[in-house]
Amino acid sequence: KFESTSSTLLRLEIPVPQYYFQATEVGTPVHIRFDALPDRDIEATISAVIPISDETSRTFRVRIDIPNEEGLLAPGMTAKATLSLAGKNQAPSLLAARDALVRKPNGDTTVWIITTEDGVNKVEEVNVTTGRSFRGGIELVDSELNEGIFTVIRGNEILRPGQTVRVASEVPPPY
């Protein structure tokens, strides 16, 4: 439901599954894309959580106030909203593509990372401990890896430490 509170401020009210009630609060970031403005992303935050559940749909509602100084939005427009929910006191996670993991017979799990030295790409095997699974990714916990390091996702079962490799393509993460 999309309604106008003034000409420069519009209100979007959306249903949220009950499962996410504990993680939803005022100030939670929301990413909004309107069908009428497909190339424009709008960032906002939840302005109110309505703690009344709909028994039929098993949802509760949240309100999002959206600035409309440019007058590009109008009541009745359809929108898709994505809430950035995180557990309480949850730190950001490092995710790796599932295909980057190599599981060893002894129970170890490793990933092969690409390092570049003097313009030459070489691989190095790094032991990792895995955590939660999310879409096509696996959380890496207690790892010496950092965000932005390239991992090998194809042909990683036959690599040797220090082997030179050619990057065939950069595959965006599936998560």
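Cut-offs used in this document
Residues numbered from 1 in each chain as written. Predicted model: local features only at pLDDT ≥ 70, side-chain atom pairs only at ≥ 80, totals over all residues. Heavy atoms only, no water. Phe/Tyr/Trp six-rings, centres within 6.5 Å; stacked < 30°, edge-to-face > 60°. Buried < 20%, exposed > 50% of the residue type's maximum accessible area, 1.4 Å probe, protein only. Patch = residues over 30% accessible without salt bridge, like charges linked within 9 Å, V, L, I, M, F, W, Y side chains within 5 Å. Areas by Shrake-Rupley, 256 points an atom, 1.4 Å probe, with all protein chains shown as cover. Salt bridge = Lys/Arg side-chain N within 4 Å of Asp/Glu carboxyl O. Helix = DSSP H or I, 4+ residues; strand = E, 2+ residues; numbered from the N terminus.

Quick look at the packing of aromatic side chains now. Within this structure, the stated rule accounts for two aromatic pairs. Ring plane angle 90° and centroid distance 5.0 Å describe the contact between Y19 and Y20, whose orientation is recorded as edge-to-face. Residue Y20 is classed as partly exposed on the basis of its relative accessible area, which comes to 36%. Their ring planes at 85° and their centres at 4.9 Å tell us that F21 and F60 sit as a pair that is edge-to-face.

The next point concerns a nonpolar patch on the surface. Together, Y19, Y20 and L85 make up a nonpolar patch on the protein surface, roughly 350 Å² of accessible area in all. Judged by its relative accessible area of 73%, Y19 falls in the exposed class.

Moving on: the pattern of salt bridges. Taken as a whole and judged by the stated rule, the model has seven salt bridges. A salt bridge links R33 to D41; the nearest nitrogen and oxygen atoms lie 2.3 Å apart. Overall, R33 belongs to the partly exposed group, its relative accessible area being 36%. Among the charged side chains, a network of salt bridges with common partners joins E13, R61 and R63.

This part covers unusual backbone geometry. For R58, which is not glycine, the phi torsion reads 55° and is therefore positive. Mapped onto the secondary structure, R58 falls in the loop between β4 (41-54) and β5 (59-67). Located in the positive-phi region is D118, a residue other than glycine, with phi close to 55°. Mapped onto the fold, D118 is located in the loop between β9 (109-117) and β10 (120-134).

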